[in-house]
Amino acid sequence: MRYGALVAFTTALVLPTAASAQRPASALGSISDAEFWDFFTSKSEPGGGFLSDNFVSNEITYQHVIPSLQRGLKPQSVYLGVGPEQNFTYIAALKPQLAVIFDIRRQNAMQHLMFKALFELAPSRAEFVARLFSRPAVASTRIVSNASALFAAASASPANDSAYAANRVAIFSELKGRHGFRLAGEDSASIERVYAVFYRAGPSINYGVRAGQIGYASPMYPSFGALQTATAADSVPMAFLATEENYRTVREMHLRNQIIPVVGDFGGPTAIRSVGEFLRARGLTVGAFYVSNVEQYLFREAGAAERFYRNIAALPIDGTSQLIRSVPPGGLDGIFTFQGPGRMTPLGVPRNAFPLSGSGSIRISISDSGGMRITQITQDSAGVSVTRVLRDSVGLGTSPFGSLGGVGPVVLSPMATRTLLRSGLVSIRETLDAFASGRLTSYSSAIAMTKTEGWP
């Protein structure tokens, strides 16, 4: 599509018509169980895969952008997000009329249905934590003033098999019995799997936990408890379990069916667009869209990023609407090339830090999702290319590739093998304008236009 046509296309979608601009946003109110389920089923796309289970966020600074959002967003707007529990912290702070959480993994939607049931069953933070980790002693803990005390109690309390069994029954009774959600067999099994992981891993569960490796929670990621005790840049705790008020905000939205998961690819054909149509028909505006680092993956697939920006162009927005991005401070994924003996320079690390010996040409590509790394090493010697791929979500240090055709072991640094994601903000309109004008053509350019510093 030529630039002029692209600008016209984007402008037509972003700018409201005269009628829609004059139509006031109406209070959405409670959503019936039937409407909730129809929203989920009709707007979801077929599920896809991702590198990790992503049971828990790995972004320790995501609260930093909240004060800026609170000052700038239009009240009673709509929140869109991706991923697991960090969305609840944004919801507690922004108090939207409606929250929709997209994810390409159907398991994420089932995890949010599990969370929904637990919120509804638990009138307090202590009860929620007790049920989430099946540690009933936490529920009898005296009212605590902060999340640190709450999670100290949780860590000191033993898990209980009987409580786990009872909670599991209660979750399905809430979802299938009270709400009447028609969960398919595989969806019910998915909820079972997720809940079992939280039970077995306990409060130390973090992004590094995998369903098949529950006993190991990599220390390179913050735990669920650490994320809930983190603060904004001004040291104010804003997590959804930081205060009873924050917890009640999220719980009450769940009770009104106003937090809805949707299975959808950001570059997919229907999920985001159909939600946009729903919002536009009701005069609702998207205030914040938390996209994490999804664009990192979209730019790797031909046409996916363009499809995503066309999708968000179809959303009802205004001049205050913001994307919440999570970006690596060092820039793009590490890609290093060596010719014979030499040294690599990962993400600004001094050139003499990591020796490499041997002959031939080697290319190392490290793809990262906040810690889940896929390292691809290609050696080209005498015209023969050999590629080996390592998928690793835990640990740091020397690559287990060993010697590659006479080339010594490749030493990987923490900076090269994981991304310390930082949260940032960028105007949705600015993003769409940059895309339409040809200034947003790579993940690197997305990073460059994102504010990640200077928070209060």
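Scroll up a little and you will see the structure.
The residue numbers shown here count from 1 along each chain, following its written sequence. With pLDDT at 70 or above as the cut-off, local features in this predicted model cover only qualifying residues; side-chain atom pairs require 80 or more to be listed or tallied, and sums for whole chains, interfaces and linings still use all residues. As a convention, hydrogens and water are excluded, and side-chain values are obtained from all of the structure's heavy atoms.

Caption draft 1: Main features of the overall build of the chain. Of the regular secondary structure elements, the chain holds 18 helices and twelve strands. Residues classed as buried in the chain amount to 57% of the 456 residues present. Values of accessible area rely on a 1.4 Å probe in the Shrake-Rupley scheme; residue burial ignores everything except the protein chains shown. Accessible area of the chain: about 17900 Å², with a carbon and sulfur share of 54%. Strands are runs of DSSP state E lasting at least 2 residues, helices are runs of H or I lasting at least 4, and numbering of each runs from the N terminus. The classification of residues rests on relative accessible area computed with a 1.4 Å probe and restricted to protein chains. Under 20% of the type maximum is buried, over 50% is exposed, and intermediate values are partly exposed.

Caption draft 2: A look at the nonpolar core. Side-chain atoms within 4.5 Å link the members of a nonpolar core, which is a set of buried Ala, Val, Leu, Ile, Met, Phe, Trp, Tyr and Cys residues. Phe128, Phe198 and Phe289 are the most contacted members of the largest nonpolar core, which totals 114 residues. When neighbours within four sequence positions are excluded, Phe128 is seen to be in contact with Phe115, Leu118, Phe119, Ala122, Phe240, Leu241 and Tyr247. Contacts are residue-level and defined by heavy atoms, with any inter-residue pair within 4.5 Å sufficient.

Caption draft 3: View of the sheet that holds strand S3 (residues 259–263). Only strands joined by at least two bridges in the DSSP assignment are considered to pair. In space, the six strands of this open sheet follow the order S3-S2-S1-S4-S5-S12, with mixed pairing throughout. Two strands close off the open sheet at either side, each with one partner strand: S3 and strand S12 (422–427). Strand-to-strand twist across the sheet, computed as the mean angle between neighbouring axes with direction ignored, equals 20 degrees. Both strand S1 (residues 78–82) and strand S4 (residues 286–292) contribute to a ladder of three bridges, which runs parallel. Counted as the bridge partner of Tyr79 is Ala288 from S4. To obtain an axis, a line is fitted to C-alpha atoms, over the contacting stretch when the element is a helix, and the angle between two such axes runs from 0 to 180 degrees between their N-to-C directions. Against the sheet, helix H17 (residues 428–436) touches S4, strand S5 (322–327) and S12, its axis set at about 75 degrees to S12.

Caption draft 4: Highlighting unusual backbone geometry. Its identity as a non-glycine residue notwithstanding, Gln76 has a phi of 60 degrees, on the positive side. Of note in this structure, Ser292 is not a glycine but carries a positive phi near 50 degrees. In this structure, Ser292 sits in strand S4.

Caption draft 5: Structural context of the pairing of S1. Burial analysis of S1 places five of its five residues in the buried class, which makes it a mostly covered element. Relative to strand S2 (residues 98–103), S1 is paired through five bridges, and the arrangement is parallel. Bridging from a neighbouring strand, Leu80 pairs with Val100 of S2.

Caption draft 6: Layout of the pairing of S5. With respect to burial, S5 is a largely interior element, six of its six residues being buried. With burial as the criterion, each face of S5 is covered, one bearing Gln322, Ile324 and Ser326 and the other bearing Leu323, Arg325 and Val327. Looking at chain direction, S4 and S5 are connected through four bridges and run parallel. Residue pairing for S5: Ser292 is matched across the bridge by Arg325. Pairing of S5 with S12 involves six bridges; the strand directions are antiparallel. The partner of Leu323 across the bridge, within S12, is Val426.

Caption draft 7: Spotlight on the environment of Ala201. The topology assignment puts Ala201 in helix H10 (residues 185–201). Separated by 42 residues in sequence, Ala201 and Ala159 have C-alpha atoms that sit 9.8 Å apart.

Caption draft 8: Quick peek at the layout of surface pockets. Computed over the protein atoms alone on a 1 Å grid, cavities are sets of points where a 1.4 Å probe fits but cannot get out and pockets are open sets with protein on both sides within 12 Å along at least five of seven lines; a residue lines them when it has an atom within 4 Å of a point. Grid points are joined across faces, edges and corners, and a volume is the space filled by probe spheres set on the points. In this model, the largest pocket occupies a volume close to 480 Å³. Every residue lining the largest pocket is counted, 26 residues in all, and those nearest its centre are Phe50, Val82, Ile104, Val294 and Tyr297. Looking at the lining of the largest pocket, the elements that each hand over two or more residues are S4 and helix H14 (294–298). With three residues, the top contributor of residues to the lining of the largest pocket is H14. In terms of residue class, the lining of the largest pocket is built from eleven nonpolar, ten polar and five charged. Think of it as three bins: nonpolar holds Ala, Val, Leu, Ile, Met, Phe, Trp, Tyr, Cys and Pro, charged holds Asp, Glu, Lys and Arg, and polar takes everything else, Gly as well.

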